[in-house]
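# Tertiary structure, described
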Amino acid sequence: MTIPSIPTKGRTLDYAAPVYDLLEPLCLLNKQAAYDQTLIQALAPQPGDMILDLGCGTGLLCQKISALLDPAQGGCITGIDAAGAMIEAAREKRGAPNCRFEAMAAEQLAFEDGSFDAVISSLFYHHVPLELKQQSLHEAFRVLKPGGRLVIADMDKPTTLLGALVSHASRWLFMQPQIAENIRGVLPELMVEAGFLPPQRAAHFFGYISVFTTIKPA
Ligand SMILES: C[S@@+](CC[C@H](N)C(=O)[O-])C[C@H]1O[C@@H](n2cnc3c(N)ncnc32)[C@H](O)[C@@H]1O
C-alpha cells in the first residue's frame, strides 16, 4: 500500500527512501553505530517508556531503541516522518508491535498532550525552516509528560574548519537555507523558547553535529 506524504514546508526525502540505508553510513563517515549509541545513551530509555522519534527516516534508530523497551511494561517507540515512502520502508524493514511508524508532520503531531516520556530526533531539524523548527519544538514540548526528556542531534555551529566546510558546502550544494539557521546555532535558544530547560551539549560529531539533551520542567 502506498502511504501518502504529508504536506509540509519541510524538505521531505521520499525520493531517497530506497537508498537511504546505504547513504546514511557514508554521510556519517562510517561512524553510524557510534553515533546511534551516543544518542541512545543520551536518551537513556527505560523499559516502560513511550518514546517518539521526529523525522525517523527508515527507522533504524527506532529499531535500536525498541530493542531496549519492554512491551509488557508498555514500552513502545513511534517514529514519524512526513515522507510516505520513508514510513513505508520503515514499516517494512523495522515495524513491530513496540516499534511503530506513522506518516505525520513534526509541526502538527496527532498525539494527545503529555503522551510521551521522551522525544528523540536525529538530523531532522536542518530539513525544516525556522517557523517549523519552532512549531515542532512546541509540539515536542506539548506531547511530552512533565519531566520528559528531549534529545536532538543535528547540524550546529561548526567548531572545526572541516565542520565549517562541510556545513557551508551542504547549505549551498543542496540549496538548503534551513541549514544556514543550524550553522548560526539557533537550536538551543529555540528549545528554551519552546519551554525546555537550557539544553546540555552531550556530544559533538565531525565538528558540526551536536547532540543536545534537555527536559520539560516537571
Ligand atoms: C536526514 S533524514 C533523517 C532520518 C533519520 N532520523 C536519521 O537520522 O537517519 C530527515 C527526515 O526528515 C523528514 N522530514 C522533513 N520534513 C519533515 C516534517 N515537517 N515532519 C516530519 N518529517 C520531516 C524527511 O522526510 C527525512 O526522512
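Since the structure is predicted, the reported quantities are computational estimates derived from the model, not experimental observations. (Residues numbered from 1 in each chain as written. Predicted model: local features only at pLDDT ≥ 70, side-chain atom pairs only at ≥ 80, totals over all residues. Heavy atoms only, no water.)

## Description of the pattern of salt bridges
All chains considered together, the criterion is met by 11 salt bridges. Within this structure, Asp21, Lys93 and Arg94 form a network of salt bridges that share partners. (Salt bridge = Lys/Arg side-chain N within 4 Å of Asp/Glu carboxyl O.)

## Section: the nonpolar core
Core analysis: the biggest nonpolar cluster contains 31 residues, and Tyr35, Ile51, Ile65, Ile120 and Ile209 have the highest contact counts within it. Among the nonpolar cores identified, the runner-up in size contains 26 residues, and Leu52, Phe116, Val119 and Val128 belong to it. (Core = buried A, V, L, I, M, F, W, Y, C linked by side-chain atoms within 4.5 Å. Buried < 20%, exposed > 50% of the residue type's maximum accessible area, 1.4 Å probe, protein only.)

## Side note on the packing of aromatic side chains
Aromatic ring pairs are reported here in terms of the distance separating the ring centres and the angle at which the planes meet. A complete count under the given rule lists 6 aromatic pairs for this structure. On the numbers, 5.0 Å between centres and 90° between planes, the contact of Phe111 with Phe116 is edge-to-face. Across this residue pair, the class does not change: Phe111 and Phe116 are buried. When the centroid spacing of 5.8 Å and the interplanar angle of 50° are considered together, the rings of Phe205 and Phe206 count as tilted. Accessibility assignment for this pair places Phe205 and Phe206 in one class, buried. (Phe/Tyr/Trp six-rings, centres within 6.5 Å; stacked < 30°, edge-to-face > 60°.)

## Digging into the site of the ligand
In the vicinity of the ligand lie 23 residues, with Tyr20, Glu24, Gly55, Asp81 and Ser122 positioned nearest. In the complex, 95% of the free accessible area of the ligand, which totals 600 Å², lies under the protein chains. With respect to the pocket detection grid, the ligand is positioned in the largest pocket. In terms of residue class, the shell around the ligand is made up of 12 nonpolar, 7 polar and 4 charged. (Near = heavy atom within 4 Å. Areas by Shrake-Rupley, 256 points an atom, 1.4 Å probe, with all protein chains shown as cover. 1 Å grid on protein atoms, 1.4 Å probe; cavity = no way out; pocket = protein on both sides within 12 Å on 5 of 7 lines; lining within 4 Å. Sits in = over half its atoms within 2 Å of the grid points. Nonpolar A, V, L, I, M, F, W, Y, C, P; charged D, E, K, R; others polar.)

## Side note on the sheet that holds strand β7 (residues 209-215)
Hydrogen bonds between backbone atoms are what pair the strands of a sheet, whose relative direction is either parallel or antiparallel. The strand order across the open sheet formed by 7 strands is β3-β2-β1-β4-β5-β7-β6, and the pairing between neighbours is mixed. The two strands at the open ends of the sheet, each matched to only one other strand, are β3 (99-103) and β6 (200-205). Between one strand axis and the next, the sheet turns through 15° on average, direction left out of account. As paired strands, strand β2 (residues 76-81) and β3 are joined by 5 bridges and run parallel to one another. If you follow Thr78 over to β3, its bridge partner there is Arg100. Where helix α5 (residues 130-143) meets the sheet, its contacts fall on β1 (50-54), β4 (116-122) and β5 (144-155), and the angle it forms with β5 comes to roughly 150°. (Pairing = 2+ DSSP bridges. Helix = DSSP H or I, 4+ residues; strand = E, 2+ residues; numbered from the N terminus. Axes fitted to C-alpha atoms, helices over the stretch in contact; angles between N-to-C directions. Contact = heavy atoms within 4.5 Å.)

## Observations regarding the side chain of Asn98
Positionally, Asn98 belongs in the loop between α4 (84-94) and β3. Exposure remark for Asn98: the relative accessible area of 11% places this residue in the buried category. Within the structure, the side chain of Asn98 is placed 3.3 Å from the backbone oxygen of Ser66, a separation counted as a polar contact. Beyond its immediate chain neighbours, meaning those up to four positions away, Asn98 contacts Ser66, Leu69, Pro71, Gly75, Cys76 and Ile77. (Polar contact = N/O pair within 3.5 Å; in protein donor to acceptor, adjacent residues only side chain to side chain.)

## Focus: helix α1 (residues 20-27)
All buried positions along α1 are accounted for by Tyr20, Glu24 and Pro25. Along α1, the residues classed as buried sweep out an arc of 130° about the axis, all on the same side. Residues of α1 that are exposed and point over 90 degrees away from its buried face: Leu22 and Leu26. Buried residues along α1 sit against α2 (32-43) and α4. Once α1 finishes, Leu29 follows within two positions and takes phi at roughly 50°, a positive value. (Arc of directions from axis to C-beta.)

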